[in-house]
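Okay, here's what each chain looks like letter by letter:
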Amino acid sequence: MSTMRISQLAERSGVPATTLRFYEGAGLLPADRTPAGYRVYGEDAVERLAFIGAAKHLGLPLEEIGELLEVWEAGACRDVKAGLRPRIAARLAGAESRAAELAAFTASLHTALHHLDALPDRVSPCDSGCGLLAPPTPSTAGTGAVGVVFASSRHAAQAEAERWRTAPVACSLSGEGLGERTGRWREALAGAVRTAMPEGLRLTLPVERAGRIVELAAAEQQCCPFFDFRLHLDGPHLHLEVRAPAEGAGLLSELFGPAA
C-alpha cells in the first residue's frame, strides 16, 4: 500500500500540515512513523480528512467528529447516518433560533426607519419631544409613545464597538487549542487576497466561506478581544477586515498572514 508524507497529504487534501498534526494529537488522524521518525499516511487518510472537513462544515465539534469517525471506520453507512442525523437536527434548531432573532432585529430596524421617515423636519434642536431619540417599538407604534433612550444607547454602542482598542493584547488559548484555531484560520483563509489597511489587514475571499469566517471570528473574539473584525459581502466576494492595536500587530500578521 502506498504511503504519503505529511507534506504530500497536505497538498492532496488542501489541509495545512499544522492542522494535520493537531488532528493526530486529537486522535482524529492516526499516522505511522518511518524509522527516521517521519509521519506517513495511507490512502484512506484523504477520505478521512474529507469526512472531517464535511463534519466541521456542519458545525460539529471535534469530540463529536471523533465519535462519528469510530462509526465511520466500522463501515456501516446506516450507522453513520443514524449518528449524524440528531446532531444536524440540533444544530439546525440552533440556527433557526438565531435566524428568528435576526429577523426580529431586522423588523425592528424597518420599524425605526419608517418611524424616522414619518417625522417632520424640525428646525429646532433635538430634544426628548422631537421623537428622533427613540422610535416606537412594534407594540407602541402608532400610539405616539416614545422613550428617550437612544442617545445613551448610541454612546454605549460606540464604546462597545471600540473596546478592542483598550483590550489587553493577550490570548487565552494555548497549546493544542491555539494550534487548532491557527489551523482552522489558515484553512479558511487559503488563497485569500491580502491588502494592507490602517491598523490591520483586508482579506478578500469567496462569499461561500462567510459562515466559516463568522464562526471563527466570533470564537476569536472570546479569547483575543483585541482583534476587531468587520465583514462586507460584495456579490461573489467576502471582504474581511481585521484590525488590532499597534502592540498586537505582530500577532495579527502571525495569525492572518502579511499583506501583499
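The structure this text deals with has already been given above.
All of these numbers come straight from a predicted model, not from anything done at the bench.

**Q** Go over the side chain of Arg184 with me, naming the residues and quoting the values.
**A** Positionally, Arg184 belongs in helix α7 (residues 175-188). Within the local environment of Arg184, its side chain forms a polar contact with the side chain of Glu215, the two groups lying 3.0 Å apart. Setting aside its immediate chain neighbours within four residues, Arg184 contacts Thr19, Lys56, Glu215 and Leu216.

**Q** How would you explain the packing of aromatic side chains if you had to name every residue and give the values?
**A** Counting across every chain of the model gives eight aromatic pairs. Pairing Phe229 with Phe256 gives two aromatic rings, centres 6.0 Å apart and planes at 70°, and the pair type is edge-to-face. Taken together, the positions of Phe229 in strand β6 (residues 228-234) and Phe256 in helix α9 (residues 249-256) put the pair 27 residues apart, joining distant regions of the chain. When its relative accessible area of 1% is taken as the criterion, Phe256 is described as buried. Aromatic rings pair up to connect Trp185, Phe226, Phe227, Phe229 and Phe256 into one cluster. The ring centre of Tyr38 lies 4.4 Å from the NZ or CZ of Arg5, which sits over that ring.

**Q** Break down the sheet that holds strand β4 (residues 193-197) for me, citing the residues and quoting the values.
**A** Strands sit in the order β4-β5-β7-β6 across an open sheet of four strands; the sheet is antiparallel. Only two strands of the sheet have a single partner each, and these edge strands are β4 and β6. Strand-to-strand, the axes of this sheet are offset by a mean angle of 20°, without reference to chain direction. Alignment of strand β5 (residues 200-206) against strand β7 (residues 237-243), held across seven bridges, turns out to be antiparallel. Following the sheet pairing, Thr204 is matched in β7 by His239. With respect to the sheet, α9 is in contact with β4, β5, β6 and β7, its orientation differing from that of β5 by roughly 20°.

**Q** Which residues make up the pairing of β6, and what are the values?
**A** In this structure, β6 lies alongside β7, joined through seven bridges in antiparallel fashion. Looking at the pairing, Phe229 lines up with Val242 of β7. The turn joining β6 and β7, which pair antiparallel and follow one another in sequence, is formed by two residues; a positive phi near 60° is taken by Gly235.

**Q** Describe the pattern of salt bridges, and please don't skip the residues or the numbers.
**A** Side-chain pairing between opposite charges can occur once the charged atoms of the two side chains come close. Within the structure shown, the criterion is met by 16 salt bridges. As a salt-bridge pair, Glu24 and Arg39 come within 2.5 Å of each other at their nearest N and O atoms. Of this pair, Glu24 sits in helix α2 (residues 17-25) while Arg39 is found in strand β3 (residues 39-42), placing the two residues 15 residues apart along the sequence. Judged by relative accessible area, Arg39 falls into the partly exposed class, the value being 22%. Here Arg230 ties to Asp228 by a salt bridge, and the two come within 2.9 Å at their closest N and O atoms. Classification of Asp228 by relative accessible area gives buried; the value is 8%. Here the salt bridges share partners, and the residues they tie into one network are Glu64, Glu67, Arg87 and Arg91.

Thresholds applied
Residues numbered from 1 in each chain as written. Predicted model: local features only at pLDDT ≥ 70, side-chain atom pairs only at ≥ 80, totals over all residues. Heavy atoms only, no water. Helix = DSSP H or I, 4+ residues; strand = E, 2+ residues; numbered from the N terminus. Polar contact = N/O pair within 3.5 Å; in protein donor to acceptor, adjacent residues only side chain to side chain. Contact = heavy atoms within 4.5 Å. Phe/Tyr/Trp six-rings, centres within 6.5 Å; stacked < 30°, edge-to-face > 60°. Buried < 20%, exposed > 50% of the residue type's maximum accessible area, 1.4 Å probe, protein only. Lys NZ or Arg CZ within 6 Å of the ring centre and 35° of its normal. Pairing = 2+ DSSP bridges. Axes fitted to C-alpha atoms, helices over the stretch in contact; angles between N-to-C directions. Salt bridge = Lys/Arg side-chain N within 4 Å of Asp/Glu carboxyl O.

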